[in-house]
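This is what each chain is made of:
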Amino acid sequence: MVARMLLPTKKVLDFPITALRFDDQVQTILKWARRRESKTVYVANVHMLIEAHWNPEFANVLRNADIVTPDGMPLVWMMRKMGALYQDRVAGMDIFLALCQLTQTQNLSIFFVGSQTEVLSRMRKRLEWEFPQVNIAAMEPLPFRPLTETEDEALVQKINSSGASAVLVSLGCPKQENWIAQHKGKIEAVMIGLGGVFPVYAGIHKRAPRVVRDLGLEWLYRWIQEPRRLCGRYAKTIPLFIWLATKQLLSSSRIAAVFLHETGD
């Protein structure tokens, strides 16, 4: 808890997003991983913040995280407007790649949880080719149904006995964040929710080109790939985010104007 409180944050829609650059956030995660600290890391985008806006319980999950990274470019732009001028994007795929690269030389192992057997199998083949020294503790697919108490205890025991330093979780938002929060203090490793990273790395979905990502249009690229699944989500989240973000920025501007007036500057 102390470490989380020491990390700088900027509030976006009233949720604290970690205001550190990409390398600093990755190094913080690695520091915790070396100590096998039970920490929670979420990669946030517009969808996640709107889910938290509507769901008070999920909002508390986000507020109690050790790190919430700005995965989506709209969050990065908001943070810059709020004073984090040099904030860059801390995306789930980039965290994934950095951890696979850096843990090779630090004697740290990674446990992969969630997704399907086929996805994990394809991931393993690519990992062994791209990161031949990566230490895969295990890969554990999970059923769509909730685990029984016995099954959950067995999974926790398997993760802890594996010696894994980091647990990468792919269950989708907000399921993976809730799962991670429920296992803080039980799993002796840094837990990171990575959502759709697994199928992208496995080659089932394609990642948007860098220029598209930098322009903040990755949502459009994904919508073109999966229009039926994402159309409803985007219709509910994007307009509301724009409205709430605009209200926040206007409110911040008014507060700043009042402060300057009262101080005579």
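Residues numbered from 1 in each chain as written. Predicted model: local features only at pLDDT ≥ 70, side-chain atom pairs only at ≥ 80, totals over all residues. Heavy atoms only, no water.

Draft legend 1. A look at the overall build of the protein chain. For the protein chain, the count of helices and strands is 13 helices and eight strands. What you see for the protein chain is a C-alpha radius of gyration of 19 Å, in line with the 18 Å of a compact globule of 265 residues. Along the first, second and third principal axes, the C-alpha set of the protein chain runs to 60 × 45 × 35 Å. When each of the 265 residues of the protein chain is scored for burial, the buried share is 47%. Sequence separation of 24 or more characterises 73% of the internal contacts of the protein chain that already satisfy a separation of 6 or more. Total accessible area on the protein chain is roughly 13700 Å²; 57% of this is exposed by carbon and sulfur atoms. For the protein chain, the distance from the average site of its 33 positive side-chain charges to the average site of its 25 negative ones is 4 Å. (Helix = DSSP H or I, 4+ residues; strand = E, 2+ residues; numbered from the N terminus. Rg over C-alpha atoms; globule rule 2.2 N^0.38 Å. Buried < 20%, exposed > 50% of the residue type's maximum accessible area, 1.4 Å probe, protein only. Contact = heavy atoms within 4.5 Å. Areas by Shrake-Rupley, 256 points an atom, 1.4 Å probe, with all protein chains shown as cover. Lys, Arg positive; Asp, Glu negative; His and termini not counted. Charge placed at Lys NZ, Arg CZ, Asp CG, Glu CD.)

Draft legend 2. Inspection of the packing of aromatic side chains at higher detail. Throughout the structure, instances matching the rule amount to four aromatic pairs. For the pair Phe96 and Tyr201, a centre-to-centre distance of 4.8 Å together with 55 degrees between the ring planes defines the contact as tilted. Of this pair, Phe96 sits in helix H6 (residues 92-102) while Tyr201 sits in helix H10 (residues 197-201), and the two are 105 residues apart along the sequence. What makes Phe96 buried here is its relative accessible area of 0%. Among the aromatic side chains, those forming a connected cluster through ring pairs are Phe96, Phe112, Phe198 and Tyr201. Over the ring of Tyr201 we find Arg126, and its NZ or CZ is 4.1 Å from the ring centre. (Phe/Tyr/Trp six-rings, centres within 6.5 Å; stacked < 30°, edge-to-face > 60°. Lys NZ or Arg CZ within 6 Å of the ring centre and 35° of its normal.)

Draft legend 3. Quick peek at the side chain of Thr103. Examined against the element boundaries, Thr103 turns out to sit in the loop between H6 and strand S5 (109-114). Engagement of the side chain of Thr103 in a polar contact is seen with the backbone oxygen of Leu99, the distance being 2.6 Å. Each residue touching Thr103, except ones within four places of it in the same chain, is listed here: Leu30, Leu108, Ile110 and Val134. (Polar contact = N/O pair within 3.5 Å; in protein donor to acceptor, adjacent residues only side chain to side chain.)

Draft legend 4. Structural detail: the packing of helix H2 (residues 22-35) against H6. Running from amino to carboxyl end, H2 crosses H6 at an angle of 55 degrees, the nearest separation of the two axes being 11 Å. Judged by the angle between their axes, H2 and H6 are oblique. Judged by the sense of rotation from one axis to the other, the crossing of H2 with H6 is right-handed. Across from Phe22, Val26, Gln27, Ile29 and Leu30 in H2, the residues of H6 making contact are Asp94, Ile95, Ala98, Leu99 and Leu102. Class assignment for the residues of the contact of H2 with H6 results in eight nonpolar, one polar and one charged. (Axes fitted to C-alpha atoms, helices over the stretch in contact; angles between N-to-C directions. Parallel < 35°, antiparallel > 145°, perpendicular 65-115°, else oblique. Left-handed = near helix turned anticlockwise from the far one by under 90°. Nonpolar A, V, L, I, M, F, W, Y, C, P; charged D, E, K, R; others polar.)

Draft legend 5. Region of the structure containing unusual backbone geometry. Between Cys173 and Pro174 the backbone carries a cis peptide bond, its omega angle lying at 5 degrees. Counting through the fold element by element, Pro174 comes out in the loop between strand S7 (166-170) and helix H9 (175-182). A positive phi angle is found at Leu13, which is not glycine, with a value near 55 degrees. With respect to the helices and strands, the residue Leu13 is situated in the loop between strand S1 (9-12) and strand S2 (15-18). Its identity as a non-glycine residue notwithstanding, Asp14 has a phi of 75 degrees, on the positive side.

Draft legend 6. Geometry of the pairing of strand S4 (residues 67-70). Neither face of S4 is open: one carries Ile67 and Thr69, the other Val68 and Pro70, and all of them are buried. Sheet analysis places strand S3 (residues 39-44) next to S4, joined by four bridges and oriented parallel. Bridging across to S4, Val43 finds its partner in Thr69. (Pairing = 2+ DSSP bridges.)

Draft legend 7. Region of the structure containing the pattern of salt bridges. As enumerated under the stated definition, the model contains 15 salt bridges in all. The salt bridge involving Lys39 is made with Asp66; its shortest N-O contact spans 3.9 Å. Highlighted residues: Lys39 in strand S3 and Asp66 in the loop between helix H4 (56-63) and S4, separated in sequence by 27 residues. Each member of the pair, Lys39 as well as Asp66, carries the same accessibility label: buried. In this structure, Asp66 engages Lys184 in a salt bridge whose closest nitrogen and oxygen atoms are separated by 2.9 Å. Of this pair, Asp66 sits in the loop between H4 and S4 while Lys184 is found in the loop between H9 and strand S8 (190-193), placing the two residues 118 residues apart along the sequence. Here Asp66 falls in the buried class, since its relative accessible area comes to 2%. Linked by salt bridges that have partners in common, Arg35, Glu37, Lys39, Asp66 and Lys184 make up one network. (Salt bridge = Lys/Arg side-chain N within 4 Å of Asp/Glu carboxyl O.)

Draft legend 8. Region of interest: the confidence of the model for the protein chain. Summing up the model confidence of the protein chain, the mean pLDDT is 91 and the portion of residues at 70 or higher is 93%. Counted against residues more than four places away or in other chains, residues 256-261, with its pLDDT under 50, gives one contact. (pLDDT = per-residue confidence, 0-100.)

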